[in-house]
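These are the residues of each chain, in order.
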Amino acid sequence: MKIRERIIIKGIVQGVGFRPFIHKLVKNYNLSGWVLNSNQGVEIEVEGKEEELNSFVADVRGKLPPLARIEEIEVNQLALVGYKGFSIKKSVAKEENSFVLVSPDISICKDCLQELFNHQNRRYHYPFINCTNCGPRFTIIKDIPYDRKKTTMRVFKMCPQCQSEYDNLEDRRYHAQPNACADCGPEVFLYQQKRKLAIVDPITEAIRLLKDGQIGAIKGLGGFHLACDATNNKAVLKLRHLKNREAKPFALMSLNIEKINQYCEIGKEEKEWLEDRARPIVLLKKKKNSLISPFVAPNNDHLGAMLPYTPLHYLLLKDSFLALVMTSGNFRDEPIICNNREALEKLDKVADFFLLYNRDIFNRCDDSVIKIINNHSVFFRRARGYVPHPIILDFKLKEVLALGGELKNTISFAKGRYVFLSQYLGDLKNVETLNTFQESINNLGKIFKVNPQIIACDLHPDYLSTKYAVEIEAKKGIKIVKVQHHHAHIVSCMAENNIKEKVIGVAYDGTGYGNDGNIWGGEFLLCDLKKYSRIGHLKYYALPGGDKAVAQPWRMTYSYLYSIYGKKAQDLKIDFNQRLDYNKLSIIEKMIDRKINSPLTSSCGRLFDAVSSLIGIRDEVSYEGQAAMEMESLCASEIEEGYGFDIYKENGEFIIDPERIFKEIISDLKKGVNIEIIAAKFHNTIADFTVNLCGKIRKNTNLNKVALSGGVFQNRYSTERIISLLEKDGFQVYIQRKVPPNDGGISLGQAVVAGNK
Ligand SMILES: [Zn+2]
Ligand SMILES: [Zn+2]
């Protein structure tokens, strides 16, 4: 029997070759009707036999074009009308406030890569080759619907040949909005000393300059990279010096897996992620004695590597380098620079030459960074290749704008079941990032068509994001919901795992404002999506100097030692006391005694810092998390023991007291135990007290689900151990896979808490 069905498909279904796909698919069946783009996504009406219709719908799901992503399919049966043939109908007008999902930027596909290196092809060596299945998307979009007129490709008029590809349903560039060729599309230029060089082949010249040890500012998809030959010590050191970046690792880019394998270990999951079409930077274990300069990632046993993702990258790398350093073109946590004029001005001090092109980047977007932890990927930074994919919930939220925290800031827009997390924006402490922050609120609000009824922000009164929220409240009368930092962390983890019921939340990070005004960061919360209560935490210690103690871990070490040993701390016969001068330590004592700029903290990050300095790894850091990262790098494997600790109850809260950890480490140091072993024992202890306290909380509450979040869960050694011990103990453990566990993920948690109120 014949029936008619109307099928509405929501998701990433526009600008990804969806209608031609449907048109072709229909030919396999005896079906008639039409397909069109609408404000909901794609609408199809088909008539035919019921069995045929069923297998047609199954094929739609199963044989999707590469960039398409279906979030929902709605099928309704209607009365027969007797369609003849099958057609693509004109798009219907967009309704105000409707929205369709936009694809992230996707690395060049196999077909385009083949054409790029094919002498016969008309786009041979054309650095902006792309098609319906690949190329720039999010970074060039100004507004929706995704259409060339609303992208930065607007200024390029397609030549007749490109236009006919664009119009031809059978062509693999049908409706590819960035479609272009050397005759009509963007061009590459080489600049030196602020002057455009009149040369035929800027890319070959750039390769020559890089081989010569020079530093290039190279325009990528979402912003500029600073690049140099990664095997050239002098070039890498020069880049470090000029970028004023002492130690933070630089990312590398190599032509293929074989090349990366010459300097890093690549496991099965890591290979899959390197080759993923989003092309993230993957953190990999270094191989010893490779040709890569040791200054790329000093004192770190990992390197961040990625494969090329634009045709331009392939042309630069095709037969030239083992690896290029490709670090974000910016200074100290400022946003990545994305426009040509800004690059020429600001990067002038660092770059010897500029490889630019004249297609504008509208939404700046850094490279994404992931690491494999417990056999799955964990985001360190979520940006290019992933944004603007939404996090999809199985419940609905009000329309919310969540402003995130301060470091590694992201913002989120919530609407219905979708939460759109922005790309990584940087540290809101500087003016440049604040401008980007405002720019992103405007740009993303437009793309996602969200009109927030609620603004969510952190509890911290001094965060620029909080101040911004207060300003909006005053100006526009939009209600603010302030969400405690660690509650936001745990809800972020719950949301991406679609958990609604109460959990034990373990939030370990560096800094978050607590509701008692102290600095939290080693927290055990009983949490649901609306509220939380603090059931336990690491014992409070003074943080002498506040932010200064974050940059100088030795201060925190001495805070612990002074609190544990009193005046006798300075007499301990340990290297720490020999290294640091007596006066410095006495000043810390006075600050703590007189409570001068010494807020109390329960931070887990600071505990890692303190131990790192105590055992002589790092007394001062030049980037966040450095002391802990270097300590993790040193951990000896196959150590099972840990140190002692105490957990007791005080005012109804469990307190984890790390005093015995310090005493036993000092005893190990005096015995001359290797710091590799001490580091491992310390990491094991973190896992031990975590599992121990979760056990106590389960006894009291009967809760068996544990959600883990916070920057400390980027530490592979302790995270894997915590998960494994909790699971052994019968807990259901949830960690973050879709958004970063660090502060880059808290805007998601804020949005969910506020959108639920
Ligand atoms: Zn392609
Ligand atoms: Zn053309």
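Refer to the preceding data block for the structure.
Caption draft 1: Examining the coordination of the zinc ion (ligand 2) more closely. Coordination of the zinc ion (ligand 2) by the protein comes from C159 (SG), C162 (SG), C181 (SG) and C184 (SG), over a distance range of 2.2 to 2.3 Å. In this structure, the zinc ion (ligand 2) is surrounded by four donor atoms whose angles at the metal cover 106 to 116 degrees, and the resulting shape is tetrahedral. Each donor residue of the zinc ion (ligand 2) lies on one chain, and together they are spaced C-x2-C-x18-C-x2-C. A residue pair is termed long-range when its members are at least 10 positions apart, and C159 in the loop between helix 3 (110-116) and helix 4 (160-167) and C184 in the loop between helix 4 and strand 6 (188-192) qualify at 25 residues. Neither residue differs from the other here; C159 and C184 are each classed as buried.

Caption draft 2: Main features of the nonpolar core. Counting 74 residues, the largest nonpolar core has Y508, L561 and L708 as its most contacted members. If one sorts the elements of this core by residue count, helix 21 (residues 675-701) sits on top with eleven residues. Counting 58 residues, the second-largest nonpolar core is a separate cluster that includes C365, I411, L425 and A469.

Caption draft 3: Spotlight on the coordination of the zinc ion (ligand 1). All of the protein donors around the zinc ion (ligand 1) are C109 (SG), C112 (SG), C131 (SG) and C134 (SG); their distances to the metal are 2.2 to 2.3 Å. The motif formed by the donor residues of the zinc ion (ligand 1), counted along the single chain, is C-x2-C-x18-C-x2-C. You can see C109 sitting in the loop between strand 5 (86-88) and helix 3 and its partner C134 sitting in the loop between helix 3 and helix 4, a full 25 residues away along the chain. For the pair C109 and C134, one class covers both residues: buried.

Caption draft 4: Here's a closer look at the pairing of strand 21 (residues 503-513). Among the eleven residues that make up strand 21, nine are buried, leaving the element largely enclosed by the rest of the structure. Summarising the sheet, strand 21 and strand 22 (residues 519-527) pair through eight bridges and their orientation is antiparallel. In the sheet register, G512 faces strand 22, and the bridge partner there is W520. Taking the residues that link successive antiparallel strands as the turn, the strand 21-strand 22 hairpin has five residues, and the phi of G517 there is positive, at about 85 degrees. The sheet contact formed by strand 21 and strand 28 (residues 705-709) spans four bridges and is parallel. Bridging from a neighbouring strand, A507 pairs with S709 of strand 28.

Caption draft 5: Main features of the sheet that holds strand 18 (residues 412-421). Sheet architecture is open: four strands sit in the order 18-17-19-20, paired in mixed fashion. Looking at which strands have only one partner, the edges of the open sheet turn out to be strand 18 and strand 20 (479-483). Across the sheet, the mean angle from the axis of one strand to that of its neighbour is 60 degrees, orientation sign disregarded. Of the pairings in the sheet, the one linking strand 17 (residues 391-402) to strand 18 comprises six bridges and is antiparallel in character. Among the inter-strand pairings, I392 is bridged to a residue of strand 18, identified as Y418.

Caption draft 6: Expanded view of unusual backbone geometry. The linkage connecting V387 with the following residue, P388, adopts the cis geometry, with an omega of 10 degrees. By secondary structure assignment, the location of P388 is in the loop between strand 16 (376-381) and strand 17. In the Ramachandran plot, Q193 falls in the positive-phi region, its phi being about 45 degrees despite a non-glycine side chain. Notably, K449 is not glycine yet its phi reads approximately 50 degrees, a positive angle.

Caption draft 7: Structural detail: the sheet that holds strand 2 (residues 32-38). With mixed pairing, five strands are arranged side by side in an open sheet as 4-1-3-2-5. The strands lining the two open edges of the sheet, one partner per strand, are strand 4 (69-78) and strand 5. Strand-to-strand twist across the sheet, computed as the mean angle between neighbouring axes with direction ignored, equals 15 degrees. Where strand 1 (residues 2-12) lies against strand 4, nine bridges are found, and the strand directions are antiparallel. Across the sheet, the residue bridging to I12 is R69, located in strand 4. On top of the sheet, helix 2 (residues 50-62) reaches strand 1, strand 3 (41-49) and strand 4; it is set at about 150 degrees to strand 3, its chief contact.

Criteria and cut-off values
Residues numbered from 1 in each chain as written. Chains lettered and ligands numbered in written order. Predicted model: local features only at pLDDT ≥ 70, side-chain atom pairs only at ≥ 80, totals over all residues. Heavy atoms only, no water. Donors = N, O, S within 2.8 Å, 3.2 Å for Na, K, Ca; no water. Tetrahedral: all angles 85-135°; square planar, octahedral: opposite > 155°, others 65-115°. Helix = DSSP H or I, 4+ residues; strand = E, 2+ residues; numbered from the N terminus. Buried < 20%, exposed > 50% of the residue type's maximum accessible area, 1.4 Å probe, protein only. Core = buried A, V, L, I, M, F, W, Y, C linked by side-chain atoms within 4.5 Å. Pairing = 2+ DSSP bridges. Axes fitted to C-alpha atoms, helices over the stretch in contact; angles between N-to-C directions. Contact = heavy atoms within 4.5 Å.

None of this, on its own, says anything about what the molecule does.
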